Amino acid sequence: MTTSATEPESPAETKTFPYARTCPFTPPAEYAEMAEQDVSQVTLSGSGLRIWTVTNYHTIRELLTDPRLSASRKHDNFPFYFIAPPEYRTETSFIGYDGKEHSSTRRKAALTFTSRQVKRLRPRIEEIVDEHIDKLLALEPPADFHRVFSLPVPMTVICELLGIPQDQHDFFIKHGTALLGGHSSTEERQAAIVEVNAYVSDLIQLKKREPGDDLLSRAMDDYEASGEEYTDRDLFNMVRLLMNGGHETTASQISLGTACLLENPDQLELLKNDPTLVKPAVEELVRMATIGDTAVPRVALEDIEVSGQVIRKGDGILMLGLAANRDPEVFPKPEKLDITRGSRKHLGFGHGVHHCIGADLARLELEIVWSKLFQRIPTLKLAKPFLEIPRKEGAVIYGLWEMPLTW
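Caption draft 1: Quick peek at the sheet that holds strand 1 (residues 15–17). If you walk across this open sheet you meet the six strands as 1-2-3-9-6-4, and the pairing is mixed. Since the sheet does not close on itself, it has two edges, and those belong to strand 1 and strand 4 (69–70), each with one partner.

As structure tokens, then:
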């Protein structure tokens, strides 16, 4: 991938994107055609922006380490699905920063995501998962697994990390769905942003006055102990990152991954018979049920050539992780779920300097969920055909709106 001196022929007329998946685990049919040329131009259905999409695994990895691309949301052509007025846009922490600003801010947040900090959480996460399995079993089947289990488990983890009271958890589930679910109007998203921002700002001031045994209070202590300078903006962005990046994503992954196991009974039996397979199973399910297919947007800072096409300075780009995670050169028989594969080469947590900072926490939650769920409820099964379950087509984070299960 080099800077091009000449411009190739103009690409064909663009199509509206995103495309619907015929099955949650299968890339849209259009991806096969797009993969033949790797780089395509499309029009985002929500915002009307004309952008580029990239499908090849190796090309995406290379682009995600290319300093000529920007993750900043401040660019005019940044590939938002839905255009919001500038006053309603959020910085979304360091995931929207470049260069030194990104590395400095990420380093501060990384103090709360060390291996030591994540390992400390295992006992409490195990309790949370068990508590919600109890709640599920207390219901008369069938029950909506997504509502009763997938949504509240990661939200409880995050809220307890931040010291947010139990009675406020539904507030964040509601607003997380409004922001990332795909069905909300622009006005509903704007209202959710305003309300969440106000709550987070008040929470920071509360923890300054009354610190407790929570991640936000410890983050302030860690900053002080390390000599790192920090501002309310750093704390605000860290909380927003956790709320947005660690809730809806993990909830969707729990539901889709569980459904994927139920739809592949041979692999589920392997996991039941050998619990040590849970770690490679997590990696394979994150690859197979790619939830952030379009969650890696960038903007070109200069003209660059990618797979024979010139992407102009200022053009928006989407890296299609679902296509990359199906690259047969990287993942033999990519359409097959193989929990023994266990490869961490997938792009489910991104790549490069913007690799998901909470990946270890997400892995831990998923490991605990799939270790306990089928051991405690071995007869768990779908209560209706999987393809009849409504899906979040067009959402920033892909997933299910519901998931009726019985046992």
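Caption draft 2: How the structure looks around helix 12 (residues 265–273). Taken together, the buried positions of helix 12 are Gln-267, Leu-268 and Leu-271. The buried residues of helix 12 occupy an angular sector of 100° when the element is viewed end-on, so they sit on one face. In helix 12, the exposed positions angled more than 90 degrees off the buried face are occupied by Pro-265 and Asn-273.

Caption draft 3: Quick look at the packing of helix 13 (residues 278–288) against helix 15 (residues 359–376). At a closest axis distance of 9 Å, the pairing of helix 13 and helix 15 adopts a crossing angle of 115°. When the axes of helix 13 and helix 15 are compared, the pair comes out roughly perpendicular. Of the two possible hands of crossing, helix 13 and helix 15 adopt the one that is right-handed. Listed contacts from helix 15 to Val-278, Lys-279, Val-282, Glu-283, Leu-285 and Val-286 of helix 13 are Arg-363, Leu-366, Glu-367, Trp-370 and Ser-371.

Caption draft 4: Region of interest: the sheet that holds strand 11 (residues 404–406). Pairing within the open sheet is antiparallel, and its three strands lie in the order 5-11-10. The two strands at the open ends of the sheet, each matched to only one other strand, are strand 5 (143–144) and strand 10 (381–382). Pairing geometry for strand 10 and strand 11, over two bridges, is antiparallel. Looking at strand 11, one finds that Lys-381 is bridged to Thr-406.

Caption draft 5: A look at the packing of aromatic side chains. Here the structure, examined in full by the defined rule, presents four aromatic pairs. When the centroid spacing of 5.2 Å and the interplanar angle of 85° are considered together, the rings of Phe-17 and Tyr-19 count as edge-to-face. Across the pair, Tyr-19 and Phe-17 agree in class, each one buried. Between Tyr-57 and Phe-331, the ring centres sit 5.9 Å apart and the planes meet at 90°, which makes this aromatic pair edge-to-face. Taken together, the residues span a long stretch of sequence, with Tyr-57 in helix 2 (residues 57–63) and Phe-331 in the loop between helix 14 (321–324) and helix 15 at a distance of 274 residues. Cation over ring: Arg-21 sits above Tyr-398, and NZ or CZ is 3.7 Å from the ring centre. Here the guanidinium or amino end of Arg-287 rests over the ring plane of Phe-331, the centre of that ring lying 5.4 Å away.

What counts, and at which threshold
- Residues numbered from 1 in each chain as written.
- Predicted model: local features only at pLDDT ≥ 70, side-chain atom pairs only at ≥ 80, totals over all residues.
- Heavy atoms only, no water.
- Pairing = 2+ DSSP bridges.
- Helix = DSSP H or I, 4+ residues; strand = E, 2+ residues; numbered from the N terminus.
- Buried < 20%, exposed > 50% of the residue type's maximum accessible area, 1.4 Å probe, protein only.
- Arc of directions from axis to C-beta.
- Axes fitted to C-alpha atoms, helices over the stretch in contact; angles between N-to-C directions.
- Parallel < 35°, antiparallel > 145°, perpendicular 65-115°, else oblique.
- Left-handed = near helix turned anticlockwise from the far one by under 90°.
- Contact = heavy atoms within 4.5 Å.
- Phe/Tyr/Trp six-rings, centres within 6.5 Å; stacked < 30°, edge-to-face > 60°.
- Lys NZ or Arg CZ within 6 Å of the ring centre and 35° of its normal.

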